[in-house]
Each structure stands twice: as structure tokens, then as C-alpha cells.
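Residue-level listing of the chains:
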Amino acid sequence: MLIGIPRETDPAQPLVSATPDTVAKLLKKGFEVQVQRGAGVASAYPDELYEQAGAQLVGEDVWHADIVTCLDTPDKESLSALRSGATLIARMDPARNEDVLTYLSERGITALAMDAIPRISRAQSMDVLSSMANIAGYRAVIEAATAFGRLFTGQVTAAGKMPPATVYVIGAGVAGLAAIGTAHSMGAIVRATDLRPETAEQVESMGAEFVPIPVAAETSTDGYAKEMTSAQAEAAAQLYAREAAGADIVITTASIPGRRAPILLRGEDVAQMAPGSVIVDMAAASGGNCELTRPGEVVTTAGGVTILGFKDLAGRLPAQASQLYGQNIVNLLGLLCPERNGQIALDLEDEIIRAITVTHDNQIYWPPPPVTVSHTPQAPAAEPAPPEPAEEPKKTSSRLWYLLGAAAAVALVLSSPLAVASHYIVLLLAIVVGFYVITAVTHSLHTPLMSETNAISGIVILGAILQVGSTNVLVSALSFVAIMVASINIFGGFHVTSRMLTMFRQEG
């Protein structure tokens, strides 16, 4: 089958639905690919790269292909160029565009809505909303930093110290977590809130502090938070207002598919924020989470608060956004074409295909049946296990060995000459301190810690070399053992470090 990659009919859309990389992958699946001239120019993908990937460059004929992929639903003129029986793959916002669905069904066009991918594990590689939200969350922080006019990270200089910026993120979905990670990596102090209390662990893993809502909402079966009750909404509003007032930057991410975005920050809440503060409303495209947001515009209030209402943050990183979107398309076509023979099969029994199919065979299939997101059930509290008699002798035996070792160490110190006893005392103290220091270090820092242990092992080797020729056989033997053990530690450390570094090297 022939796949057409047209230029987006919206001149403000810089993305393209396929990149040279994804075109090559489509060809490997048995498809033929045509790309309209200039389709990828705004995303830094010139026509010659598509030709090198194996695509054929065409003009308006691209709309006559068997399968046409776009970012968003094309205009009526372009839709009219689609032939009956063709397949259109794009973001369609089907809940708000019933007239478009009616037109497509009357034309006999099969329409697959990329923004209707269900939130199930099997569909993650095709989830356009998550792909774009990830990029948008990153870009939101970059835009906030540009408008903020101050450093994110704190600094201490000869002229004085500067505190780090404080960032408050409302919503810990894909976009929110991306924003949290980016702001934290830039040195800001980050706090975040989400209706779902189970996201607290994810927020904290990204380096932020989770601020719970006193009365949190429950998670629905489709993976989104349920609509709050009036009591929950009031508690959340008070929390948002308080946290926003103490933050330099507020990033809002709350949106409801097919509906207007909820208002999270009222005008009076914005008035309490300090001059120079910034709000990035990531829900501006669906109305905005801030009462003062103007979609597509940058607003500065009388109190000096800047509100960024950009509607397509992902479009501000067009090359990477196009690559991710194109890869989502490739993964979807892999599901539609499991035989890799260039022929798609629409299996409406498959929950993913059924969820995104909005028109087929002159019928409208929207809305789809609900898809239940499976949640890992919480394990019931385990009853306390009865004590096992076999464990007590083991503990007693371990304690006995510790006591014997301690007694031997004390005896060694007492039986040694006074000049040597002080060295043994230092050794024992070093062992105790070293044990507690090493065990207190998090596992993620064990590899950096290896450089320090290598330095210590080097000192051990030098000392052992000086003593290996001693006339005392015991001293000589212990020196030899020390050289061997320290050498293993040093060379083993370098080997492990080298293997880890290869993970970050790019081939060729």
C-alpha cells in the first residue's frame, strides 16, 4: 500500500508526520512512501533526506495515496482530495469535531484518531499524547526560564548569594513529570501536586517534593483522575493559591480529553504572586488552567506576573517532536500490518484499533467502548509470621562470632607493644568509621566512590611493597596478600568503570 506524507494544511504547524528515519522504517514494513515536497522543511528535514531514505517526492498527488498520515485533521479542501476507501491517520479530536466525522463517513474514508490511543501498557509506543506531552513539559520550563529573567540555580558569588528559583507544578502526568525533571536538573527547588496520591512516589523520584491535596480524587478506570466533588475542588483551589503565591514559576498541566480545561488559578490567586513570577499554562489550547490565560498569547498582569499561553509547546521543538510522532505512526502501522507485507488489516476486535477507529465502511464508530486500565492491586496486609525456632541459634551464633572477633582484636591490642598498640587502635576505629560511611552511601554513588577506594588501595600497595621483603615470614606473607587484594580492587574498579562508560558512547 502507498503511504502519503503531505505538508500540513495549517501554516502554523511546523511538524511533519514522518521523518527520513521513520520513512526508512515504513519501507522495511513493505509500504511505499510518497512525501510532498517541502513537507519537512519547517522541521529541518529537507527533501533530499527523504529521497535518500527511499521516499518518492510528489506534489498534490500525495492526497491520493492509500494511507495518508498527518499531524492534525486536514482542511476540507484536502479532505475532498482523499479517495473513497482511503485511510486517514491523524490527531482528530473526535469528541469536538462531529461534522468532520460525518463528512469522512459519508466519503467512505477510514479515519484513525492518533489522539484516541487508550492508556494501556500495550499502546504506550503509539501514544502520541504522551510523546508530545513529554516534549511540551521540557519546553515549558525552557519558556519559563526565558520569561523569568533570573537564574534557576542558586549561586554564591563575591557580590552576594542568589537563592534558587522555586517551581510549582500542578499535575504529575507525563508533561508534569517532564517539567519537574527539567526544572530540578536546572537547579530549581520543585514542588508538585496531583489529584492522584499514588503519583507521590513518581514526583519524589524526579527530585521534587510532593504536596498532597487534603481530599484527593480517586483514579478512574481509564487512567485519568475522576472529576472532583465540590469539597475536593475547594480544598485543591486553596492549596493551588497558597503554593502559587510562594512560587517563582507555576506550570499547570491539567486537561480533560474532549472538554474545556479546568480553572485551577483564579485572578485573585495570580494577584497574590510576586512581580516577575511566571505562569506557563500548558492547557491553553483547551481554554487554559488560569483564569487570565489568553490562548496563543503572552500576558503580563498589572501585578507583573507573566502568563504564557502557548498552544503548542511541542511544536517549538519540531525536529524531535516530528521524530517521536513519526515513530508513533510506525508503531501503529506495525500493529495494523503484522505480516510486514505493506497491507494493513483493521481488526476491530483489537482494543487499540477499535479505540482509535472513528469512521469505517461509511459508519461512525465514535465514541468507542470504554477501555479499562488495569491497576496493580494492593497486596493485603500479611499476617505476622510465627517465630521460627531455627533463627535464634543462627542469631546467637552470629553474635558469638562477633564477640570472639572483638575479643581477639582487644587481645591483639593489649598484647602488642605500646608503640604498635596505637596503630591498632587507629585501624579498628578506621574500620568502624569506614563501615558506617560506606553503608550509608546510596547505591547510585557506589561507582563514583570506587575512585576513592582505588586511591586507598594504591596506598595499601605502596605500603605492602615496602614490607614484602621483610625478614619476618608473617609480615612478608601478609604484604603479598595485601598487594594481591588491593590490585584486584584497583583493576576490577577500572574494568567496571570502563564497562559503564561504554553504555554512554555512541557507535560510529
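Use the structure listed above.
Let me sum up the structure you'll find in this document. This one's a predicted model, so the numbers in the text were calculated from it and none came from an experiment.

## Quick word on the sheet that holds strand 16 (residues 357–360)
Spatially, 3-2-1-4-5-6-16-17 is the arrangement adopted by the 8 strands of the open sheet, whose pairing is mixed. Of all the strands in the sheet, just strand 3 (56–58) and strand 17 (363–364) have a single pairing partner and so form its edges. Here 4 bridges tie strand 4 (residues 67–72) to strand 5 (residues 87–91), and the two strands are oriented parallel to one another. Within strand 5, the residue paired with Asp72 across the bridge is Arg91. In this fold helix 1 (residues 20–28) packs onto strand 1 (2–5) and strand 2 (32–36), with an angle of close to 150° to the strand it touches most, strand 2.

## Some details on the packing of helix 5 (residues 128–148) against helix 10 (residues 318–336)
Contact pair helix 5 / helix 10: the axes reach a minimum separation of 9 Å and the direction vectors enclose 165°. Relative to helix 10, the element helix 5 lies roughly antiparallel. Of the two elements, helix 5 crosses helix 10, and the hand of that crossing is right-handed. Each of Val128, Ser131, Met132 and Ile135 in helix 5 lies in contact with helix 10, whose residues at this interface are Gln320, Ala321, Leu324, Tyr325 and Asn328. A breakdown of the residues in the contact of helix 5 with helix 10 according to their chemical character gives 6 nonpolar, 3 polar and no charged.

## Comments concerning the pattern of salt bridges
Side chains that differ in charge, positive against negative, can pair when their charged atoms come close. Taken as a whole and judged by the stated rule, the model has 13 salt bridges. With a shortest N-O distance of 2.3 Å, Asp66 and Arg83 are connected by a salt bridge. Here Arg83 lies in the loop between helix 3 (76–81) and strand 5 and Asp66 lies in the loop between strand 3 and strand 4, a separation of 17 residues in the sequence. Note that Asp72 is salt-bridged to Arg91, the shortest N-O span being 3.1 Å. Taken together, the positions of Asp72 in strand 4 and Arg91 in strand 5 put the pair 19 residues apart, joining distant regions of the chain. Take Asp72: its relative accessible area is 29%, and that puts it in the partly exposed class. Overlapping salt bridges, with partners in common, bring together Arg139, Glu143 and Arg316 in one network.

Rules used throughout
Residues numbered from 1 in each chain as written. Predicted model: local features only at pLDDT ≥ 70, side-chain atom pairs only at ≥ 80, totals over all residues. Heavy atoms only, no water. Pairing = 2+ DSSP bridges. Helix = DSSP H or I, 4+ residues; strand = E, 2+ residues; numbered from the N terminus. Contact = heavy atoms within 4.5 Å. Axes fitted to C-alpha atoms, helices over the stretch in contact; angles between N-to-C directions. Parallel < 35°, antiparallel > 145°, perpendicular 65-115°, else oblique. Left-handed = near helix turned anticlockwise from the far one by under 90°. Nonpolar A, V, L, I, M, F, W, Y, C, P; charged D, E, K, R; others polar. Salt bridge = Lys/Arg side-chain N within 4 Å of Asp/Glu carboxyl O. Buried < 20%, exposed > 50% of the residue type's maximum accessible area, 1.4 Å probe, protein only.

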